Every structure is written in structure tokens, then in C-alpha cells.
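# Descriptive structure summary
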Amino acid sequence: MKRKRRQYVFLGLAAVLIVVGTLGTGFLPSTPFYQVLSGGIIVAGFAVGYAGLGAFEFLE
């Protein structure tokens, strides 16, 4: 049960990161720093989602 809860938390966090990064591209200034920052948040969201699906083996 604990593993399922962790998976849901990871996937929820991934969704939040992807949405925040996407909205950031529209609301933040269009300077390269902020666009790279927003893109990094989106990529981090996909990485967290990938980890949430159990693709990585974590040491316990």
C-alpha cells in the first residue's frame, strides 16, 4: 500500500511541475533565463513522473 501511495504522490507532483512550468512560459518574462528555468521545471516534472512509474530502482 505504501508503494501505491508513493506512486500517486510522485505522479501528482509530476503533474503539478509540468503545469507550473507550462504556465511559467506564459507568465514569466521572455528572457532566456526564465524560459530555460520554465523548461527545466517541465523536464523535472517528466523525470519525477518517470520515477513515479517505477522506472528507476531506488535504494531503500
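Just above sits the structure.
Note that the structure is a prediction, hence the values are computed from the model and not measured.

Conventions we followed
Residues numbered from 1 in each chain as written. Predicted model: local features only at pLDDT ≥ 70, side-chain atom pairs only at ≥ 80, totals over all residues. Heavy atoms only, no water. Helix = DSSP H or I, 4+ residues; strand = E, 2+ residues; numbered from the N terminus. Buried < 20%, exposed > 50% of the residue type's maximum accessible area, 1.4 Å probe, protein only. Areas by Shrake-Rupley, 256 points an atom, 1.4 Å probe, with all protein chains shown as cover. Expected span 1.5 Å × (residues − 1). Contact = heavy atoms within 4.5 Å.

This part is about the overall build of the protein chain. Tallying secondary structure elements over the protein chain gives two helices and zero strands in all. Burial analysis of the protein chain (60 residues in total) assigns 17% to the buried set. Summed over all atoms, the accessible surface of the protein chain reaches about 4800 Å², with 73% contributed by carbon and sulfur.

Before going further, it helps to spend a moment on the environment of Gly12. Structurally, the position occupied by Gly12 is in helix α1 (residues 2-27). In the structure, Gly12 is positioned 33 residues away from Gly45 in sequence and 9.6 Å away in space, judged by C-alpha atoms.

Time to look at helix α2 (residues 32-52). Its 21 residues give α2 an end-to-end C-alpha distance of 30 Å, which sits within 8% of 30 Å, the value for a rise of 1.5 Å per residue. Those residues of α2 not exposed but buried are Ser38, Ile42, Gly45, Val48, Gly49, Ala51 and Gly52. Lining the buried residues of α2 we find α1. Directly after α2, the chain includes Gly54, whose backbone phi takes a positive value near 85 degrees.

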